[in-house]
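Geometric and topological summary
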Amino acid sequence: MLHRPELLSPAGSLRNQRYAFAYGADAVYAGLPRYSLRVRNNDFNAANLAIGITEAHAQGKRFYLATNLMPHGAKIRTFVTDLAPIIALKPDALIVADPGILLLIREHWPEQSIHLSVQANTVNAEAVRFWAKQGVERVILSRELSLDEIADIRAACPDIELEVFIHGALCIAYSGRCLLSGYFNHRDANQGSCTNSCRWQYRLKNAEPNVEHHHAVDAVYLLEEGKRPGELMPIFEDEHGTYILNSRDLQAVAHIERLVAIGIDCLKIEGRTKSHYYVARTAQVYRAAIDDALAGRTYRPELLLDLEGLSNRGYTEGFYQRHSASELQNYADGASRNHRRIFVGELNERDDTTEWVKVTVKNRFAVGDYLELITPKENQLFQLTQMQTLDGEVLLIAPGSGWQVRILLPDIDAQNGLLTRVLDHTS
C-alpha cells in the first residue's frame, strides 16, 4: 500500500490559501514577515494568521508557520514575546532553520511540532538522525539531492517525516544561502528581504589589470547591472567557473510517481510571493499527479503542458537528475514568461437567468480567443463568442487589468474559476 503524501502549497495571503485548498492542497505554509524569509508580498500579520489557521482547521487542512530566517540578536530577543500569541492559535508546525530558534521553541513550547527548514541544508541521513534527536518531527531535505539520494535517506530514516520541494524557484546558492542581494544592495536573503539579484540583467566587463586579487584567482570581472549604469561590481572566477546567475525554475511533475514510491511524507510547492493563479494551477496539477501515482496510473505529459501556462524562467528537474550547466542555467533572460497559457481573468458572479458571467480582467483577451476555464472540479476549453461591458454594450477586446466585463459561457455550469488564454490552440 503506497503512502499518501501531503501536498503543501505556499500562502503569501489569505486569498492564496483559499485557492490552494480549493484546488487540492492538503496544507499551506505562511509566516510572520519578521521571522520568515518573505518580508515582501506577505499579508500574514497576527490577525490574518488567526483567520488562516482557523479556516484551515475548519476544513480539516493543516497550516504551518515559517519561522525560518537566520536571526541576529535583536530578533532573538523579541521572538518568544512575538510568537506566544501565534502559538496559542495552534499552528500545526513551526518551520525552523536556526538552532537557537529551535532551542527557544523547545524550552517555551515543548509540545509544539517542529519541521526543519530547507535552509538548514540537510543532505544526508546522519544529519536527519541528528535533527530527530533535537525534537524535529519532519526534515525538509535540501534541494541539492538526487532521487537516489532521497531514497537512500528514506531507507536509513524510516521513522521521521521527510519533505521535498517539487516546484518553484531555485536559488543560485545552497537552498537560500545567497549573498548576492546583501552584497549588491544590502538586503539580506536570510533575513527575508531578498531582491532576487540573480535575476537582474548584467553586462560583464574585464577588470584586468586594475583590480587586485588573490594569485589563485584566474580572472576578475566587473558587473554592471542594467538599471545602475556606471556602478561596477567586482566578481571573481576560478578554474571551476562563476555560478551566480538565474537558475531555471524547478518542476518535478514527472517524478511524483517515484517520490510517492520512495515514501516521501510531503511534497512542497515554492512560491509565497506568487499569484493566486499560480497557487491554484500548481495545486491542481500536482494533486492530479499524486492521485495518479496512488492509483497506479502512469505519468501524463499533459500535466507538464498545464504548468507551461505559468510564468517561469524555463523549467529544470533540478538535482533530481543530473544535467549539464546549460540546462540548469538560463543565460538568455531573467524575466518570467508564459509559453502556452496566459492568466487573463477571474469569474466573479453569474446571472442565474442567463449564460452571462462577470469577469475581472487580468490580461488582454478578445472575442475569438480560445479560453480555458479552470475550476476546482474540472477544466474546460471553449472559444469566446460574445463579450460585453457591464452596461450591456458589445465589446470585442478586454484590454487588460482594471477592466470588468461580461462573457458568454454556453453549456458551462460554473459560478467561479480562473480564465487563461490558450496560445497554441489549433482548431
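These remarks concern the structure in this document. Just so it is clear, the structure is predicted and the values come from calculations on it, not from any experiment.

On to empty space enclosed by the protein, then. The gaps of empty space that remain are located by a probe, the size of a water molecule, rolled over the atoms. Counting across every chain of the model gives three cavities of 30 Å³ or more. Put simply, the largest cavity is a space of about 80 Å³. Forming the walls of the largest cavity are Leu-141, Ser-142, Arg-143, Ile-150, Val-164, Phe-165, Leu-170, Leu-250, Glu-317, Gly-318, Phe-319 and Tyr-320. Tallied by class, the residues present in the lining of the largest cavity amount to eight nonpolar, two polar and two charged.

This part is about the side chain of Asp-369. Position of Asp-369 relative to the elements: it lies in the loop between β16 (365-366) and β17 (370-374). Here Asp-369 falls in the buried class, since its relative accessible area comes to 18%. A distance of 2.7 Å separates a polar side-chain atom of Asp-369 from the backbone nitrogen of Ala-366. Among residues more than four places away in sequence, those in contact with Asp-369 are Phe-382, Gln-383, Leu-384 and Arg-421.

Further remarks concern a nonpolar patch on the surface. There is a patch of nonpolar side chains on the surface, built from Val-367, Val-394, Leu-396 and Ile-397 and spanning about 370 Å² of accessible area. Residue placement: Leu-396 occurs in the loop between β19 (387-389) and β20 (397-398).

Our focus in this paragraph is the nonpolar core. Grouped together as the largest cluster of nonpolar side chains are 90 residues, with contacts concentrated most on Leu-83, Val-139, Leu-141, Ile-150, Val-164, Ile-166 and Leu-259. Examining the composition of this core, we find that 11 residues originate from one element, helix α9 (residues 276-294), more than from any other. Formed jointly, this core draws a minimum of three residues from each of two domains, domain 1 (6-170 + 248-319) and domain 3 (341-422). Setting aside chain neighbours within four positions, we find Val-139 in contact with Leu-116, Thr-122, Val-128, Trp-131, Ile-160, Glu-161, Leu-162 and Glu-163. Leu-373, Phe-382, Leu-384 and Leu-419 belong to the second largest nonpolar core, which has 20 residues in total.

Overall, antiparallel pairing links the seven strands, which are arranged β18-β17-β22-β14-β15-β21-β19 in an open sheet. The outermost strands of the open sheet, each flanked by one partner alone, are β18 (379-383) and β19. When the angles between neighbouring strand axes are averaged without regard to direction, this sheet yields 35 degrees. When β17 meets strand β22 (residues 417-422), the two strands line up antiparallel, connected through four bridges. In the strand pairing of β22, Ile-374 is matched with Leu-418. Those strands touched by α9 are β14 (341-350), β17, β18 and β22, and its axis lies near 100 degrees from that of β14.

Scoring rules and cut-offs
Residues numbered from 1 in each chain as written. Predicted model: local features only at pLDDT ≥ 70, side-chain atom pairs only at ≥ 80, totals over all residues. Heavy atoms only, no water. 1 Å grid on protein atoms, 1.4 Å probe; cavity = no way out; pocket = protein on both sides within 12 Å on 5 of 7 lines; lining within 4 Å. Points joined across faces, edges and corners; volume = space filled by probe spheres on them. Nonpolar A, V, L, I, M, F, W, Y, C, P; charged D, E, K, R; others polar. Helix = DSSP H or I, 4+ residues; strand = E, 2+ residues; numbered from the N terminus. Buried < 20%, exposed > 50% of the residue type's maximum accessible area, 1.4 Å probe, protein only. Polar contact = N/O pair within 3.5 Å; in protein donor to acceptor, adjacent residues only side chain to side chain. Contact = heavy atoms within 4.5 Å. Patch = residues over 30% accessible without salt bridge, like charges linked within 9 Å, V, L, I, M, F, W, Y side chains within 5 Å. Areas by Shrake-Rupley, 256 points an atom, 1.4 Å probe, with all protein chains shown as cover. Salt bridge = Lys/Arg side-chain N within 4 Å of Asp/Glu carboxyl O. Core = buried A, V, L, I, M, F, W, Y, C linked by side-chain atoms within 4.5 Å. Domains from an automatic or database assignment. Pairing = 2+ DSSP bridges. Axes fitted to C-alpha atoms, helices over the stretch in contact; angles between N-to-C directions.

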